[in-house]
Amino acid sequence: MFAQITLLGDNSPHKNVNDGNFELVKAHSWRKGLQSPMWTCSHGQNKHTGDSQMALFQGRIYSSVSKGIIESRVLDNISAYNKPVTGDVLNWGFGTDSEYDCGAKITISLVFGDKERILAENITIKGGDLKVQEFKGTYIITKEDAVNGMPFVRATLFSNEGVKVFINYVNISVQAPETNGPEALSAKVVSEGINLKWSDSKSTESVLYNVYRGEIIGNAYQKLASNMKGFNYTDSSLINGKEYYYLVTRVGVKESSKSPVATITKMDKVAPASPTNLKATVFETEIQLNWKKSIDEDVESYAVYRGDSEGNNLRQIAYNIKGDKFVDFTPIKDIENTYFIFAYDFSGNKSIASIPVKAKVKAVFGTSFSDLILPMPITYKLRTDVWGADGVIPRDPNNGIENPEWSYWGGRPVKDKDGKYHMNVTRWPANATKGHWEWPSSTVAYAVSDKPTGPYKVKRDLVYDFHNGLGHNPDVILLNDGTYMLYSLIDWEATLFTSKTMAGPWKRLGTMEVNLANSDVSEARNYVYSRNLSGVQLNDGRFLFVSKAGSMILSDGENPLGPYQIVSKEIRHNPIIPEKYRKSGYEDPVLWKDDVQFHMMINAFWDYRAIYLRSPDGIHWKFNLGTAYTPHDTSYEDGTQTHWYKLERPHVLQDEFGRATHLSLAVIDVPKADDLAKDNHNSKNIIMPLVLHKRIKMLNKKKINKDTKSIKIRIISEEGFDAQNDIDLNSLRYGATEEVDFGKGCKIFKTKKKGKDLIVIFSGDGNGITNKNFVGKLLGKTKKGELIIGYSKLKAD
């Protein structure tokens, strides 16, 4: 079986032939529709999504149409065999898979001229298990085949419901006994490395051998030894813990075919040397770590651990780092963070810790939105008898909304006039054919809870009857008259509904119209103006929405359907975003306003974090330092922390003053592609309480600036907060965020009581207010050490 002339595919130890393993073109996104120059696909793009329907993706070709045909080039470019001979035997083999178990099938053929010879017909592909199915066999060339010349390969892929069917590789070779190499090869671990032994029936005293080693089977191998005598070789240049593939060939006038392949790994139990020279560079809210790599060559990766100022309470914050640097976007503020780096080798051994380094960010606690996230209350108890990866167990399934029968993915909680908490939430059956990728067929359900953090229970399977209840990314817009408008993505169109109550009924208004004349994206990406929208109604009755990618669209008048004008660029193009945050893929924005300013949060999905911005008008935004949230921000009141793989679809619960009281997030325990049908993985919504902004009123009648001598603020008492008795007055600072976020700003020189409220008079010195500021920030602590934060206008209303 190893004596062969390769026409297509695996040609170990040499380079793959005619791109039979689909690695010639590095395609890491199915949307780009990249094609191999050696293959031809029969279909183009999906007219609704713009995604390619047949193309390369991560080293394999896929089809997502009901019947897709993929054909190789004619295999006539191999000098050793470019004319078929009657009676010659062809070895064939291929690997195939499907995204999901959906009855997908594949037929593989050789085509000689106009004659198709089926090698494997209507083979059913078991999908949804992330395992490649492999098939192989032989074909004998007929006289008619020989007359028609060299063949090409045709693969016909049959798919249901748009599910991707993959071909991972195709191998075609001619059996050529005259090329056969050594018959047997064995490998064993010895103290010096890995010892190889082989046998060869064609050996003579003058026969020489080449020894090869590979790290990925089927790819080009490294030649370890050339023209050597004997049947024994020890590889002492390997790296312990790595899996290697070895083969041997005979050297003659021509090099023989390969021997059988031996696969082996030499493990060790010796921990690698620690990384050294750990250094920290401090920024406003981030700390960059750099280190010198371990001197041991078998190190595979590094992990970063962070502790408190004493080096205690260590927690791993990053792992599988291949390089020598890491940026911590979530250091604890107001303390020195202690960092340790560990090295891990390929055998799984962990080094002792590096010499630690301590670093403290410049900004203070309360600078970033993530500082406002509080631990989740435990409804009854944390449970282990729930679905999910180890990192999300134990947890409280009564937080937010979850059900093992349903996948939930985003919904905005709203407190209605009945005092209950309502949510229109996206969901689809957890055991649907496509697993998580069933989301394009999601519906919007109506759920209710007595508490803001849940549990939310579905009261109605479908929020609206239109289009059979289908919809995605629902967002509720709070209207000026106290009623509600619902955005939902239905059949890829931005569809709006209205209702007097969250309980419905919801009346469909129609689809939104956007004038694309000012679009700063390609025509193929104009879909960003209809997907993942979040909106508010302005005081003048017009409507403002933020698009999927963070650009703002504003209605011409009071008609919520538009037309809308594009009034700002995408977030990633906005120079107000620091460079370290700007280079990401942004989506899933949420927009809200209170009586002081506009707020926006948007998810940077490439980086597993989100950013937060503020604005005076909802169009011109100011970046708020630090992150809005990361997967590290989910914990419970007893200190238990969960580690969700990804957090997306942010929404906020607002109170009667427009303040965000809770953060709602869609979470998943594994990569989306790994959430399959009938497995133990799923997604849900969690809801976390937030530090509530204090209500503060500016009393200065003249707009304050850096020259203002005194600043008078009224801090309003409310349930759970006594402004006259709860505040640590010495901790209070007021002024521009550029000052207050770094522990500076104005200090108090006088206070007085006003009813239940407190009037605070600050010295104007150091307030830092310039024409770039549209609000002033109050920051401090209660006598119990709890965060106090609030914003005010710069002059009295």
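Residues numbered from 1 in each chain as written. Predicted model: local features only at pLDDT ≥ 70, side-chain atom pairs only at ≥ 80, totals over all residues. Heavy atoms only, no water.

Give me the overall build of the chain: which residues, what numbers.
The secondary structure content of the chain amounts to three helices and 53 strands. The dimensions of the chain, computed from C-alpha atoms along their principal axes, are 105 × 60 × 50 Å. A burial count over the chain gives 55% of its 797 residues as buried. Excluding contacts between residues fewer than 6 apart, the proportion of contacts in the chain whose partners are at least 24 apart in sequence is 61%. Roughly 34,900 Å² of accessible area belongs to the chain as shown, and the carbon and sulfur atoms make up 49% of that amount. Positive and negative side-chain charges in the chain, numbering 102 and 94 respectively, have mean positions lying 5 Å apart. (Helix = DSSP H or I, 4+ residues; strand = E, 2+ residues; numbered from the N terminus. Buried < 20%, exposed > 50% of the residue type's maximum accessible area, 1.4 Å probe, protein only. Contact = heavy atoms within 4.5 Å. Areas by Shrake-Rupley, 256 points an atom, 1.4 Å probe, with all protein chains shown as cover. Lys, Arg positive; Asp, Glu negative; His and termini not counted. Charge placed at Lys NZ, Arg CZ, Asp CG, Glu CD.)

I'd like a description of unusual backbone geometry, backed by residues and values.
Here the bond from G454 into P455 is cis, since omega is 10°, no more than 30 degrees from zero. Topologically, P455 is positioned in the loop between β29 (443-449) and β30 (457-460). Cis geometry marks the peptide bond from G562 to P563; its omega dihedral reads 15°. Relative to the helices and strands, P563 resides in the loop between β38 (552-555) and β39 (564-566). Despite not being glycine, L130 has its phi angle at roughly 60°, a positive value. Position of L130 relative to the elements: it lies in the loop between β9 (115-124) and β10 (133-140).

Now, about the sheet that holds strand β50 (residues 748-754): what can you tell me, with residues and values included?
Taken together, four strands build an open sheet; the order of strands is β47-β48-β51-β50 and the sheet is antiparallel. Each end of this open sheet is capped by a strand with a single partner; those strands are β47 (696-698) and β50. Adjacent strand axes in the sheet meet at a mean angle of 25° when their direction is disregarded. Sheet analysis places β47 next to strand β48 (residues 710-715), joined by three bridges and oriented antiparallel. Bridge pairing links I696 to I715 in β48. (Pairing = 2+ DSSP bridges. Axes fitted to C-alpha atoms, helices over the stretch in contact; angles between N-to-C directions.)

Could you give me a rundown of the pairing of strand β36 (residues 534-537), with the residues and numbers involved?
Of the two faces of β36, the one carrying S534 and V536 and the one carrying G535 and Q537 are both buried. For β36 and strand β37 (residues 543-546), the ladder comprises four bridges, and the chain directions are antiparallel. Looking across to β37, one finds that Q537 is bridged to F543. Between β36 and the antiparallel strand that follows it, β37, lie five residues; G541 among them carries a positive phi value of about 95°.

Tell me about the pattern of salt bridges, residues and numbers included.
A full pass over the atoms with the stated rule returns 35 salt bridges. Among the ionic pairs, D328 bridges to R306, the shortest N-O distance being 2.8 Å. Of this pair, D328 sits in strand β24 (residues 325-328) while R306 sits in strand β22 (residues 299-307), placing them 22 residues apart in sequence. R306 gets classed as buried once you look at its relative accessible area, which sits at 6%. For K706, the salt bridge goes to D707, with nearest N and O atoms at 3.5 Å. (Salt bridge = Lys/Arg side-chain N within 4 Å of Asp/Glu carboxyl O.)

Tell me about the sheet that holds strand β17 (residues 232-235), and please be specific about residues and values.
With respect to topology, three strands assemble into an open sheet ordered β13-β14-β17, the strand pairing being antiparallel. Of all strands in the sheet, those with a lone pairing partner are β13 (184-190) and β17, marking the two edges. Between one strand axis and the next, the sheet turns by 20° as a mean value, whatever way the strands run. Of the strand pairs in this sheet, β13 and strand β14 (residues 193-199) are connected by seven bridges, and their pairing is antiparallel. Counted as the bridge partner of L185 is W198 from β14.

Describe the state of the cysteines, and please don't skip the residues or the numbers.
If you walk through the whole model with that rule in mind, you get zero disulfides. Among the cysteines around C102, which has no disulfide bond, C41 carries the closest sulfur, lying 18 Å off. (Disulfide = S-S within 2.5 Å.)

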